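# Residue-level structure breakdown
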Amino acid sequence: MDSAKEAVENVAEGVKKMAVGDKPAKGGRKDRKKEKGGAAAATDPASGPLEINPPPDFLQKRLEMFDRLKKKQDEELASKPRESITITMPDGSVKEGTSYETTPADIAKGISNSLLKRTVIARLDGDKEQLWDIGRPLERSCKLELLTFEDEQGKQVFWHSSAHILGEACERRFGCSLCIGPPVENGFYYEMCLPENKPVMSTDYKPLETIVTSIVKEKQKFERLIMTKEELLEMFSYNKYKQHIINDKIPDGTSTTVYRNGPLIDLCRGPHVPDTGRIETFSVMKNSSSYFLGNKDNDTLQRVYGVSFPDKKQMAAYKKFLEEAAKRDHRKIGKDQELFFFHELSPGSAMWLPHGTRIYNNLLSFLREQYWKRGYQEVITPNMYNSHLWKMSGHWDFYKDDMFVIEQEKEQFGLKPMNCPGHCLMFSHRERSHRELPWRVADFGVLHRNEASGALSGLTRVRRFQQDDAHIFLREDQIKAEMDNLFDFLKEVYGLLGFSFKLKLSTRPDKYMGEKATWDNAEHMLQESLDEFKASNGTHWELNEGDGAFYGPKIDIVILDCLLREWQCATIQLDFVQPENFHLEYITGDDNETKKKEAEAKAAEAKMAPPAELAMPKIKTKDPQAVIDSAKAAVAASDPSTGPYDKDRPFVRQHKPISPGCARPVMIHRAMAGSIERFTAILTEHFAGKWPFWLSPRQILVVPVGKGFYEYGEEVAKIFRDKMMFVDVDTSGNTLQKKIRTGQLAQYNSIFVVGAEEMDNRQVNARWRDDQSTQDRGKPIPLDKAVEKLCKIRDEKSSENPFPAPAKEAAK
Ligand SMILES: [Zn+2]
Ligand SMILES: [Zn+2]
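Residues numbered from 1 in each chain as written. Chains lettered and ligands numbered in written order. Predicted model: local features only at pLDDT ≥ 70, side-chain atom pairs only at ≥ 80, totals over all residues.

### Concerning the nonpolar core
Across soluble globular proteins, you tend to see nonpolar side chains buried next to one another. Counting 70 residues, the largest nonpolar core has Leu490, Ile557 and Cys569 as its most contacted members. Ranked by residue count, the leading element in this core is helix H16 (residues 479–497), at 9 residues. Look past the residues within four positions of Ile557 in its chain and what remains in contact with it is Leu490, Phe501, Leu503, Gln568, Cys569, Ala570 and Thr571. Core analysis: the second largest hydrophobic core is formed by 68 residues, Ile121, Met235, Leu267 and Tyr318 among them. (Core = buried A, V, L, I, M, F, W, Y, C linked by C-beta atoms within 7 Å. Buried ≥ 20, exposed ≤ 12 C-beta atoms within 10 Å, placed from the backbone. Helix = DSSP H or I, 4+ residues; strand = E, 2+ residues; numbered from the N terminus. Contact = placed C-beta atoms within 7 Å.)

### A look at the packing of helix H6 (residues 152–174) against helix H7 (residues 205–218)
Here H6 crosses H7 at 120°, and the two axes come no closer than 9 Å. As far as their axial angle goes, H7 and H6 are oblique. H6 and H7 meet at a crossing whose hand is right-handed. Listed contacts from H7 to Ile165, Leu166, Glu168, Ala169, Cys170, Arg172 and Arg173 of H6 are Pro207, Leu208, Ile211, Val212 and Ile215. Its residues assigned to classes, the contact of H6 with H7 comprises 9 nonpolar, no polar and 3 charged. (Axes fitted to C-alpha atoms, helices over the stretch in contact; angles between N-to-C directions. Parallel < 35°, antiparallel > 145°, perpendicular 65-115°, else oblique. Left-handed = near helix turned anticlockwise from the far one by under 90°. Nonpolar A, V, L, I, M, F, W, Y, C, P; charged D, E, K, R; others polar.)

### Observations regarding H6
With 23 residues, H6 ought to run about 33 Å at 1.5 Å a step, and its terminal C-alpha atoms sit 32 Å apart, in line with that. Buried residues dominate H6, accounting for 19 of its 23 residues. Positioned one or two residues after H6, Gly175 has a phi angle of 65°, which is positive. (Expected span 1.5 Å × (residues − 1).)

### Quick look at the confidence of the model for the protein
Confidence in the prediction for the protein averages 86 pLDDT; 87% of positions are at 70 or higher. Within the protein, helix H2 (residues 28–37) has the poorest average pLDDT of any element, 37, and strand E15 (residues 350–352) the best, 98. (pLDDT = per-residue confidence, 0-100.)

### Some remarks on the sheet that holds strand E31 (residues 727–729)
The strand order across the open sheet built from 5 strands is E31-E30-E32-E33-E34, with neighbouring strands paired in mixed fashion. Either end of the sheet is taken by a strand with one partner, and the two such strands are E31 and strand E34 (779–782). Across this sheet, the average inter-strand angle for adjacent strands is 30°, counted without regard to direction. By the bridge criterion, 4 bridges tie strand E32 (residues 750–754) to strand E33 (residues 763–768) in an arrangement that is antiparallel. Residue pairing across strands places Ser750 opposite Trp768, the latter belonging to E33. Here helix H23 (residues 736–745) sits on the sheet in contact with strand E30 (700–704) and E32, set at roughly 175° to E30. Along the sheet, helix H25 (residues 783–795) contacts E33 and E34; its crossing angle with E34, the most-contacted strand, is approximately 90°. (Pairing = 2+ DSSP bridges.)

### Here we look at the environment of Cys569
On the secondary structure map, Cys569 appears in strand E26 (residues 566–575). C-beta crowding within 10 Å serves as the criterion here: with 25 such atoms nearby, Cys569 is assigned to the buried category. As for Cys569 and Ser675, which are separated by 106 residues in sequence, their C-alpha atoms are 7.6 Å apart. Sequence-distant contacts of Cys569, that is, excluding residues within four places in its chain, are made with Ile557, Ile559, Ala673, Gly674, Phe679 and Ile682.

### Some points on unusual backbone geometry
Here the amide bond leading from Asn53 into Pro54 is cis, since omega sits at 0°, within 30 degrees of zero. Relative to the helices and strands, Pro54 is located in the loop between H2 and helix H3 (57–78).

### Concerning the sheet that holds strand E10 (residues 255–261)
Spatial strand order, E9-E10-E11: 3 strands in an open sheet with antiparallel pairing. Pairing within the sheet leaves two strands with one partner each, and these edge strands are strand E9 (223–228) and strand E11 (264–267). When strand polarity is set aside, the average angle formed by the axes of neighbouring strands in this sheet is 30°. Strand direction decides the pairing type here: E9 and E10, joined by 6 bridges, are antiparallel. In the strand pairing of E10, Met227 is matched with Thr256. Against the sheet, H3 contacts E9, E10 and E11, and its axis sits at roughly 90° relative to E9.

Now the structure itself:
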């Protein structure tokens, strides 16, 4: 979820920074040529010399040590036994090779030169952990896959290798102490500390790119060397960050690897592309400051972000994508359309302006309609709970740092970051019968999460938000049917909004709570539902084995917007643990055996009604006395979920056995939109601010052609307003053309021009935003017809043109 978030943030910021720091396009080529020819000169005078001269001392010392140790290692490798090995390719074909001699590059070349050129990295034995430099000799027989940039791991290696190149350029330009250089969602960064803690400037981008170009041209080989911890500490003695990492990450008496390319030697597990010549095209995207190890008590460091591709066309496509994404940036559209803003006096909490609130409420109404249809019940629960509740739910131990905690009368309260514990209290508020299950409780309650101020960004990462949150309490055997319902829900919501989606099932991790049999059973039902959904809808799903939460398996739903960006909004999580923590139970009443026995027992006592009666009352369906007794016993035992909590007594987790005749429900956490704030951001970007009519905060603009028609204009507006539509009348002194243009820019779905003809015939002259043919000249529509059509498309949430040209209508 977060990576998608970051991706969009990066995207938007990348474009901004490009605009500030760089002037590509016109004349760019000429400048670049000059730089290439004239070594250190020819850059922006403000940015100083291209590289520091003389280079920092540590470069030479590092190289000397590397050469010495590398020579030794090469000799050792040369003495390794040469044996024949077999290399099995993905298609099953087998190649012959020699241990410590044959490289994956040899195999690739044997197939074709173009394959060799495209191959970024090799993977051995289908193991994601066993990536192998393609120039490194194989040591034994293995299965071999040759990965290209198109492969996710190949792409990561490509970008990680590019980070080394960026690191080399930074050392050469700044003489900085490098820290870490990982690949990220859309490229990579290198983090470093410049001498005298200077910041990186946007005027450094172009010089860095110039150095990178020369590094790429040199085709520097990436060379691997194994070094002991002591040797590493000596090699990186000039760099306190690397020292820290070596001391922290490498156990005493062990070794790890460094990689060299050109003058750069970097602590790294690898692997990398064979040489720097692979990086066909490279751009510095932005820079920012950060803290060493992400801890604000540590040194402030500088990060330079870049992106690279094996092909110039891919870079061009990527930059085009960034431009399009920047145009759609919800922060920009939110400002242009006056939807929301943020105030420094409440960071991370959006101020929803009237037009933004219209969208927000339209979304909630839409979800409420779905709830109505699908048997959900909406509830309202508190925002603030005593810490006792958060201890019961486990949030106090695992999530407290992300909560806002308030002290009141010497007790601690927490603002809720989630609704689940409150819903568990509701479930346990009285006895529950199996007849009430599945119990679907929906809550749009306001949630607060204490995000660090530096992490806040637009509507995608906020402190205050609402979710279309619901919890479903159900019997284990109801899981399958409920999943089918949820998939149908997903299909309807996302289908309507024009998103395609894919599903991921995460199963039991190594550490889990609950019974293994329960997990197996639940996973089996989830898989069955996923298979059926795939068969009927073609929706792809993949297995994420062992990646479930400790409390239950889950299904993550990733949606693809119209720029094919991935977003995770919806989630469906099974939970076996919260029902346990809150000692939830329901009266089963459907166990015929027990029922019979009890009926017999009761009949024997000749006190109670016959078994048929058991079906009647809502609550005490089954041996009422036993249940009541057990509940009383629980209260007497100060069961924390049912007994009065004692503020002077520390919380102790108690295990409460399930009462006779009862069973524990399973709980499903599910959201379709997730955070409404974030979902609105996604929708804003997805629609590029062109809201569909039913969701639109500006549905109709009435434009009277002159003062004489204001009255008719207002009358028209009132008719639509009475139908609960968002209508404005433009009575400004602007020209007709200007009024129409303003309405178009504000993305009104419909603009009704009214003049003499319209007034006399009770018509409007309609322009429909999504129909280009109506933009210069509208279409005359009878007023009552316009009302009828707009009500229809609003109520059907259709995105059809309500005022199609007659020809088109005939063609249909
Ligand atoms: Zn590396
Ligand atoms: Zn929940």
